[in-house]
Amino acid sequence: MPAYLDNAATTKPCEDAVNACVAAMTENYGNPSSLHKIGLNAELAVTDARKAIAAALVCQPECITFTSGATEANNTLILGAAENYGKRRKKIVVSAVEHPSVEETMKLLEKNGFEVVRIRPQRDGSVDAEEFISAADHNTCLVSCMYVNNETGAIMPVRRIFTQIKRLYPECITHCDAVQAFMKIPIKTADLNADLITVSGHKVHAPKGVGAMYIRKGIRIAPRMIGGGQEKGLRSGTEAVPLISAFGAAVRTQLPTIATANANAEELCGRLRKKLSALDYITINSNAEEQCPFILNFSVNGIRSEIMLHFLESKNIYVSSGSACSKGGHSSVLTAMGIPDRTADSAIRVSFSRMSSCGEVEALVTAIQEGYLTLAKR
Ligand code: PMP
């Protein structure tokens, strides 16, 4: 059995998701826009899935729009908000450690005349709420901050930032990329004070290629995809019924046991942290005051990430070097935290899911020790 510890990159689809996906391809294969019964059944499946995502975010189903994933959702929400709310107010405040689907969108907006202020993380990986808030002003149309960082697991003070921003600048739009928090940290949209939220299916045991965006009632977002007017005109294109059904099924199954899954992750992460801290050649990079237990980033000093990653792979253990998105490139997140290049070059990201086990942690620790003894000699 492989020890799959790369769940922040993607997760294994759960049984209910697979069954829902197959059912939508074999039985319920209609087009939700068709007027006949088979079409109606497909539409009902999408409606059901929408209700499941809305229940998980504690919002009304009308506020949920399905997309092809979080990348599309981040692009659409940020560009759409800038288009509608940034005609006169040209400033955007964002964390400096966002996923590329946010960061690259910000760069595009900069080219189009927006001023983007990036708030650097502190040494522990989280951003300072006060610094974030004081960077905004009456000229700010959008603030965007991820909930949990995908490389370090640092929990950002999003609720504090958004609540304060809304109090000081009610007209400013708040966006949260909640991909790594969704189904791990309970999210209540109203409580978070977010106007816009992004989530992804494949990080929560649904298939790749589906995500959703929450858009608070009354917020106008210009669509990126135009055509047939599906998803109330916000996202044209025939709905990916199999993927959407699977996303709904995964979320529905997991929702009642978020607390149990979290307790399991706490136990595994705590155990791993303790065992690694006892090794003098390990530096733990995930040290935020509030840390999501599903991600632990550490460096095996003196051994480059890819070398250790492939050693672990030879033992049937799968982890990530920095973030899967950077494809082995230098982690800008660790660098922004002020972590020296040599340490960043040795970074390993372990990420758990609700399917992770104690045996996997034990196998990992044994393999790291063996790997260090073998590789450090070379
Ligand atoms: N945001 C974050 C924080 C992520 O971790 C990811 C996935 N790596 C994305 C956005 C993009 O998600 P998707 O693969 O669904 O486009």
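One structure accompanies this document, and this report is about it. (Residues numbered from 1 in each chain as written. Predicted model: local features only at pLDDT ≥ 70, side-chain atom pairs only at ≥ 80, totals over all residues. Heavy atoms only, no water.)

Structural notes on the overall build of the chain
Counting its regular elements, the chain contains 13 helices and twelve strands. Computed over C-alpha atoms, the radius of gyration of the chain comes to 21 Å, within 12% of the 21 Å expected from 2.2 N^0.38 for 378 residues, which places it in the range of a compact globule. Overall, the C-alpha framework of the chain stretches about 65 × 55 × 35 Å when taken along its three principal axes. Burial status across the chain gives 57% buried among its 378 residues. When contacts within the chain are restricted to residue pairs at least 6 apart in sequence, those whose partners lie at least 24 apart make up 74%. (Helix = DSSP H or I, 4+ residues; strand = E, 2+ residues; numbered from the N terminus. Rg over C-alpha atoms; globule rule 2.2 N^0.38 Å. Buried < 20%, exposed > 50% of the residue type's maximum accessible area, 1.4 Å probe, protein only. Contact = heavy atoms within 4.5 Å.)

Section: the layout of surface pockets
What the largest pocket holds in volume is close to 370 Å³. As for the largest pocket, its lining consists of 18 residues, and the residues nearest its centre are Ile155, Met156, Pro157, Arg160 and Glu290. Here the residues of the lining of the largest pocket sort into ten nonpolar, two polar and six charged. For the lining of the largest pocket, the two domains that each supply at least three residues are domain 1 (3-11 + 257-375) and domain 2 (15-255). Reported here for the second largest pocket is a volume of approximately 320 Å³. The greatest single-element share of the lining of the second largest pocket, amounting to four residues, is contributed by helix H3 (residues 70-85). In this structure, the lining of the second largest pocket is formed jointly by two domains, domain 1 (3-11 + 257-375) and domain 2 (15-255), each of which donates at least three residues. (1 Å grid on protein atoms, 1.4 Å probe; cavity = no way out; pocket = protein on both sides within 12 Å on 5 of 7 lines; lining within 4 Å. Points joined across faces, edges and corners; volume = space filled by probe spheres on them. Nonpolar A, V, L, I, M, F, W, Y, C, P; charged D, E, K, R; others polar. Domains from an automatic or database assignment.)

Some points on the sheet that holds strand S6 (residues 173-177)
The strand order across the open sheet formed by seven strands is S2-S8-S7-S6-S5-S3-S4, and the pairing between neighbours is mixed. Both edges of this open sheet fall to strand S2 (64-67) and strand S4 (115-119), since each of them pairs with a single strand only. In this sheet, adjacent strand axes meet at a mean angle of 20° when their direction is disregarded. Two elements, S2 and strand S8 (residues 211-215), share four bridges in a ladder whose sense is antiparallel. Paired with Thr65 across the strands is Met213, a residue of S8. (Pairing = 2+ DSSP bridges. Axes fitted to C-alpha atoms, helices over the stretch in contact; angles between N-to-C directions.)

As for the sheet that holds strand S10 (residues 295-300)
In spatial order, the strands read S9-S10-S12; together these three strands make up an open sheet with antiparallel pairing. Taken across any chain shown, the strands that pair with only one partner, and hence form the sheet edges, are strand S9 (282-284) and strand S12 (347-351). Within this sheet the neighbouring strands show an average axis-to-axis angle of 30°, counted without direction. Where S10 meets S12, five bridges bridge the pair, whose relative direction is antiparallel.

Focus: a nonpolar patch on the surface
Nonpolar side chains collect at one region of the surface, where Val18, Val22 and Met25 lie side by side and expose about 250 Å² of accessible area between them. Mapped onto the secondary structure, Val22 falls in helix H1 (residues 15-26). By relative accessible area, which is 41% here, Val22 ends up partly exposed. (Patch = residues over 30% accessible without salt bridge, like charges linked within 9 Å, V, L, I, M, F, W, Y side chains within 5 Å. Areas by Shrake-Rupley, 256 points an atom, 1.4 Å probe, with all protein chains shown as cover. Salt bridge = Lys/Arg side-chain N within 4 Å of Asp/Glu carboxyl O.)

Section: empty space enclosed by the protein
Enumeration according to the criterion identifies one cavity of 30 Å³ or more in this entry. Approximately 80 Å³ is the volume found for the largest cavity. Its residues placed into classes, the lining of the largest cavity shows five nonpolar, four polar and three charged.

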